[in-house]
Amino acid sequence: MTELSVEVVQTSSLGDRSYLAHDGQVAIVVDPQRDIDRMLALAGRLGVRITYVAETHLHNDYVSGGLALARLTGATYLIAGADEVGFGRRPVADGDEIIVSERIRLRVVATPGHTFHHLSYVLDGDDGPAGVFTGGSLLFGTTGRTDLLGQQHAHDLAAQQHASVRRLADLLPDGAQVWPTHGFGSFCSATQSNATESTIGRERTANPALRLETDDFVAQTLAGLDAYPAYYAHMGARNTAGADLIDLTPVAAADPAELGRRIADGEWVVDLRSRKAFAHGHLTGTLSFGLDGPMSTWLAWMAPWGAPLTLLGDSEQQVADAQRELARIGIDRPAAAASGSPEQWAAGDDTRLSRLTTATFADLAAARAGTPPRGLPAVDVLLDVRMSNEWRTDHIDGAVHIPLPDLPARGADVPAGTVWVHCGSGYRAAAAASLLQRAGRQVVHIDDAYADAADAGLPIVAGN
C-alpha cells in the first residue's frame, strides 16, 4: 500500500508553504496560495484527487486560493466555524475529526494566538500522528506574530499563542513533523529561522514558546515585533469575502509613448530586471524592484493601494512571473506591461535613459575620509533604509534612518545634498535609490552587504 505522504509547495517570495497530503489516491490541501494551478499540477502528477481543502486561519499575508480550489475540484472546504465568511464551507472546531480516507485522518486543534480562531490539523496515519499543520502557530524555532489583528489584542494573543504551542507539544510525540505555513521569510513570523524542517522534539529545545514561561514569552514576542506590510490590511477582508480564480492572461502592452505618459503622470512604472541591470541603464522615472528579490512584498507595501502599476521586464516570462506574484497578494491586473530593453522602451531616445551610480562600503569609507574613489561624489547624507529592528541592533554612525516602506511619504525628510543609500544586502537600497532619483535627488546606491561595513572601517553603533 502507498504510504502517507506530504508534499510541500513553497512560495519563497512571500515566505510561505502550502501542503498536499495524500495516500496515493485522495489528497487534502492545506493553506493553498492564490495560484492554484501549482496544486492542480502536483495532484495530476501524483495521480490523486483533492477531496478536502483546509485553512488554518484567514490569512493576512496573501489571498487564499482555497475557495477557488474547492469549487474547481468539488472538495470540501474546511474553515474555523467561529470565522464568519461570505461563502459556503464546512465549519470545523476543536476536537473535530475529518476522515479523508481509510488511511488519512485529520484532528482539529484550536490554537489561537496568530488569529483569534486559528486551527491546527493533526495528520493521523496508520501508525498514529505523522505530524501537524500549524499554519501561523508553532513555526520552526519561533511562532506566528500576534499583532496583525491590532496592537490592542497583541498581548492577549501572545499569551494564547504560548498556550497553543504548549498544547500541541503535549498532544504530540517528539517524532511528529511540524508543517507550518509561515516562517520562511514571511512577515507573519514573529522572528526568522533558517530551519527547513522540524519535529515536536526539536521544537522542545529550540522554540521560545516551549522554553519560556508565559510572561517572558509574551514580553520577548512583543519586543521583537517590527512593522509589517501595509497591504496586509486588505488580505483579511479579501479572504473573508472569498476570492475566485485569478486571471493570469497577459496584460495590455504599453508602447514607448504610453510609458512616457504614465511616468509623467507620476504612476509607478516598475523595472523588474536585476538591480545591477537597472543601475547600468533604465528608463528615467522608473523604479527598481527586481524579480530576483522579494519584489511583491516591498512593491505592494510601498505603492499606493489600487493605483495603476506598469511592469517592465527583459522578457514576457519575467513580466508573467511578476504578474503571478502580485496576484497572490491581491494585485490582480497590472495596468500595462512592456518587455525588452530600456533602449526599446525609450524608442531610441537616449535622453529618456538614466544610470544609477553604485558603490561599496569600502568606497563609502574612503569618501567619508575625503578621498572618494573613481570620481564618486562626496557624502552629504548617508541613508539607512533597513527596518527599525535592524537599525536598533546596530547601524553606521552618522546615518539617517528612514525604513524603506516609509520613504514614499517621507522623501522630504531626507536632508539636502547627495544621498548615499544602503540596506542589508543592496536590494532595498536599489528601490530607495530609484525613488530618490525619480524625485530628482543625486543618489549613490551602496550595493553591498551590510555585514562588510565594519570591515571597511566604518564606525558601527548600537541602539537608537
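Residues numbered from 1 in each chain as written. Predicted model: local features only at pLDDT ≥ 70, side-chain atom pairs only at ≥ 80, totals over all residues. Heavy atoms only, no water.

**Considering unusual backbone geometry**
Trans peptide bonds make up the majority, and among non-glycine residues the majority have a negative phi. Backbone geometry at D31 places phi at a positive 55 degrees, although glycine is not the residue there. Examined against the element boundaries, D31 turns out to sit in the loop between β3 (26-30) and α1 (37-46). (Helix = DSSP H or I, 4+ residues; strand = E, 2+ residues; numbered from the N terminus.)

**Description of a nonpolar patch on the surface**
Together, L40, L72 and L245 make up a nonpolar patch on the protein surface, roughly 260 Å² of accessible area in all. Taking relative accessible area as the criterion, L72 reaches 49% and is therefore assigned partly exposed. (Patch = residues over 30% accessible without salt bridge, like charges linked within 9 Å, V, L, I, M, F, W, Y side chains within 5 Å. Areas by Shrake-Rupley, 256 points an atom, 1.4 Å probe, with all protein chains shown as cover. Salt bridge = Lys/Arg side-chain N within 4 Å of Asp/Glu carboxyl O. Buried < 20%, exposed > 50% of the residue type's maximum accessible area, 1.4 Å probe, protein only.)

**Some points on the packing of aromatic side chains**
One pass over the full model with this rule turns up 11 aromatic pairs. Arranged with centres 5.6 Å apart and planes meeting at 25 degrees, the rings of Y228 and Y232 form a pair that is stacked. With a relative accessible area of 5%, Y232 lands in the buried category. Put simply, the rings of Y19, F133 and W179 pair up and form one aromatic cluster. We note R386 situated over the ring of Y450; from NZ or CZ to the ring centre the distance is 4.0 Å. (Phe/Tyr/Trp six-rings, centres within 6.5 Å; stacked < 30°, edge-to-face > 60°. Lys NZ or Arg CZ within 6 Å of the ring centre and 35° of its normal.)

**Points about the environment of G144**
Here G144 shows up in the loop between β10 (128-135) and α3 (151-171). In this structure the C-alpha to C-alpha distance between G144 and V381, which are 237 residues apart in sequence, comes to 37 Å.

**Details of the sheet that holds β3**
The strand order across the open sheet formed by 6 strands is β1-β2-β3-β4-β5-β6, and the pairing between neighbours is mixed. Only two strands of the sheet have a single partner each, and these edge strands are β1 (5-11) and β6 (90-92). Direction aside, neighbouring strands of the sheet carry axes that sit 25 degrees apart on average. Of the strand pairs in this sheet, β1 and strand β2 (residues 16-22) are connected by 7 bridges, and their pairing is antiparallel. (Pairing = 2+ DSSP bridges. Axes fitted to C-alpha atoms, helices over the stretch in contact; angles between N-to-C directions.)

**Thoughts on the packing of α3 against helix α6 (residues 214-224)**
For the pair α3 and α6, the least separation of the axes is 9 Å and the interaxial angle reads 125 degrees. When the axis of α3 is compared with that of α6, the two are oblique. α6 is crossed by α3, and the crossing has right-handed handedness. Along its contact with α3, which presents A154, H155, A158, A159, Q161 and H162, the element α6 presents T214, F217, V218 and L222. Of the residues that constitute the contact of α3 with α6, the class distribution is 6 nonpolar, 4 polar and no charged. (Parallel < 35°, antiparallel > 145°, perpendicular 65-115°, else oblique. Left-handed = near helix turned anticlockwise from the far one by under 90°. Contact = heavy atoms within 4.5 Å. Nonpolar A, V, L, I, M, F, W, Y, C, P; charged D, E, K, R; others polar.)

**Comments concerning the pairing of strand β15 (residues 309-313)**
Summarising burial for β15: 5 of the 5 residues are buried, a large majority. Of the two faces of β15, both are covered, the one formed by L309, L311 and G313 as well as the one formed by T310 and L312. Sheet topology note: the strand β12 (residues 268-271)/β15 ladder contains 4 bridges and is parallel. Paired with W268 across the bridge in β15 is L309. Pairing geometry for β15 and strand β16 (residues 336-339), over 4 bridges, is parallel. The partner of T310 across the bridge, within β16, is A336. Between the parallel pair β15 and β16, the chain is carried across by helix α11 (residues 316-327), and the sense of this crossover is right-handed. (Right-handed = clockwise from strand over helix to strand, strands pointing away.)

**A few points about the pattern of salt bridges**
Scanning the model with the defined rule gives 22 salt bridges in all. Linking D126 and R103 is a salt bridge whose minimum nitrogen-to-oxygen distance equals 2.8 Å. A residue pair is termed long-range when its members are at least 10 positions apart, and D126 in the loop between β9 (119-125) and β10 and R103 in the loop between β7 (97-99) and β8 (105-110) qualify at 23 residues. With relative accessibility at 15%, the residue R103 sits in the buried group. For D384, the salt bridge goes to R386, with nearest N and O atoms at 2.9 Å. Taken together, the shared-partner salt bridges connect D35, D37, R38, R324 and R328 into one network.

**What to know about the side chain of T56**
Relative to the helices and strands, T56 resides in the loop between β4 (49-54) and α2 (66-73). A polar contact of 2.7 Å, which involves the side chain of T56, links it to the side chain of H57. (Polar contact = N/O pair within 3.5 Å; in protein donor to acceptor, adjacent residues only side chain to side chain.)

**Here's the deal with helix α10 (residues 295-302)**
The element α10 is largely enclosed, with a buried count of 8 among its 8 residues. Along α10, the residues classified as buried are M295, S296, T297, W298, L299, A300, W301 and M302. Considering only its buried residues, α10 is in contact with β12, β15, α11, α15 (407-410) and α16 (427-438).

**What to know about the pairing of β12**
Residue alternation in β12 divides its side chains into two sets, W268 and V270 and V269 and D271, and both sets are buried. The pairing of β12 with strand β14 (residues 287-288) spans 2 bridges and is parallel. Across the sheet, residue V270 finds its bridge partner in β14, namely L287.

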